[in-house]
Amino acid sequence: ETRPKKYISFSFQMSKFHMFHKNFTFKEMLNLMCYSTKNPDTLSLNQKITRLYRATLRKLHATRVEGYRTEFDDFNSGMSQASKDFSRMMDLPADSIELQDLFIKYENWHEESYDPNMVIDECRPYASTSGRYPIWDDDFLAFDPFGYYA
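Values in this document were obtained by computation on a predicted structure and should not be read as measured data. (Residues numbered from 1 in each chain as written. Predicted model: local features only at pLDDT ≥ 70, side-chain atom pairs only at ≥ 80, totals over all residues. Heavy atoms only, no water.)

S.K.: Looking at this structure, I do not really get the overall build of the chain. What am I missing?
M.R.: What the chain contains, in helices and strands, is 6 helices and 0 strands. Moving toward the C terminus, one meets the helices and strands of the chain in the order α-α-α-α-α-α. The proportion of buried residues among the 150 residues of the chain is 29%. Of all intrachain contacts in the chain linking residues separated by at least 6 positions in sequence, the fraction that spans at least 24 positions is 51%. Surface summary for the chain: the accessible area is close to 10,300 Å², and the carbon and sulfur share equals 55%. (Helix = DSSP H or I, 4+ residues; strand = E, 2+ residues; numbered from the N terminus. Buried < 20%, exposed > 50% of the residue type's maximum accessible area, 1.4 Å probe, protein only. Contact = heavy atoms within 4.5 Å. Areas by Shrake-Rupley, 256 points an atom, 1.4 Å probe, with all protein chains shown as cover.)

Laid out in structure tokens, this is it:
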């Protein structure tokens, strides 16, 4: 018996993460998520701060608003704390220890709240192509290898 096409495309979607993780080290993946580049040393200080801030805002929204458990109070307090921290970072000199501590704080937070499913389909996290909500077509529903419904 052959497997329906839907099963093959679903397994292909899940292999996207495997290929992404296989081709980059975890540090490179973290840099891609935080700074949109594998090597953030090539960025200016302003670019590093603004890119990390953008990634933090997106991660706050993804972890506290999207999905089945929406926490607006936690989201608002996280947004306000991030805004204060990143405004402070813009005013600090480049060699400041406080600036480096804030970079480490937010990079560690991104690492701790890492979701491997986000690389599968980051634009529509609950779309059928992401594999989180598989939508079965008629061919797949008719697939009965054990003869249970026969």
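S.K.: Hey, could you run me through the packing of aromatic side chains in this one?
M.R.: The geometry of an aromatic ring pair comes down to the distance between the two centres and the angle between the two planes. In this structure the tally under the stated criterion is 3 aromatic pairs. With a centroid separation of 4.8 Å and an interplanar angle of 40°, the aromatic rings of tyrosine 53 and phenylalanine 86 are classed as tilted. Separated by 33 residues along the polypeptide, tyrosine 53 in helix H3 (residues 45-64) and phenylalanine 86 in helix H4 (residues 72-91) bring together distant segments of the chain. Relative accessible area serves as the criterion here: at 3%, phenylalanine 86 is assigned to the buried category. For the pair phenylalanine 86 and tyrosine 106, a centre-to-centre distance of 4.8 Å together with 45° between the ring planes defines the contact as tilted. Residue phenylalanine 86 is found in helix H4, and its partner tyrosine 106 is found in helix H5 (residues 97-112); the two are separated by 20 residues along the sequence. Looking at lysine 48, its charged tip hangs above the ring of phenylalanine 103, at a distance of 5.0 Å from the centre. (Phe/Tyr/Trp six-rings, centres within 6.5 Å; stacked < 30°, edge-to-face > 60°. Lys NZ or Arg CZ within 6 Å of the ring centre and 35° of its normal.)

S.K.: Which parts of the structure should I look at to understand the environment of proline 93?
M.R.: By the secondary structure assignment, proline 93 is in the loop between H4 and H5. Under the relative-accessibility criterion, proline 93 is labelled partly exposed at 47%.

S.K.: How should the nonpolar core be read in this particular structure?
M.R.: Grouped burial of nonpolar side chains is what soluble globular proteins tend to show. The biggest cluster of nonpolar side chains holds 21 residues, and the ones touching the most others in it are Tyr35, Ile49, Leu52, Phe86, Met89, Leu99 and Phe103. Looking at this core, the elements with two or more residues in it are helix H2 (26-35), H3, H4 and H5. Setting aside residues up to four positions removed in sequence, isoleucine 49 forms contacts with Phe86, Met89, Met90, Leu99 and Phe103. (Core = buried A, V, L, I, M, F, W, Y, C linked by side-chain atoms within 4.5 Å.)

S.K.: Hey, could you run me through the packing of H3 against H4 in this one?
M.R.: Each packed pair of helices is defined by two parameters, the angle between the axes and the distance between the axes. For the pair H3 and H4, the least separation of the axes is 10 Å and the interaxial angle reads 175°. Comparing their axes, H4 and H3 come out roughly antiparallel. Within the contact between the two elements, H3 uses Asn46, Ile49, Thr50, Leu52, Tyr53, Thr56, Leu57, Leu60, His61 and Arg64 and H4 uses Asp74, Phe75, Gly78, Met79, Ala82, Ser83, Phe86, Met89 and Met90. For the contact of H3 with H4, the class distribution of residues is 11 nonpolar, 6 polar and 2 charged. (Axes fitted to C-alpha atoms, helices over the stretch in contact; angles between N-to-C directions. Parallel < 35°, antiparallel > 145°, perpendicular 65-115°, else oblique. Nonpolar A, V, L, I, M, F, W, Y, C, P; charged D, E, K, R; others polar.)

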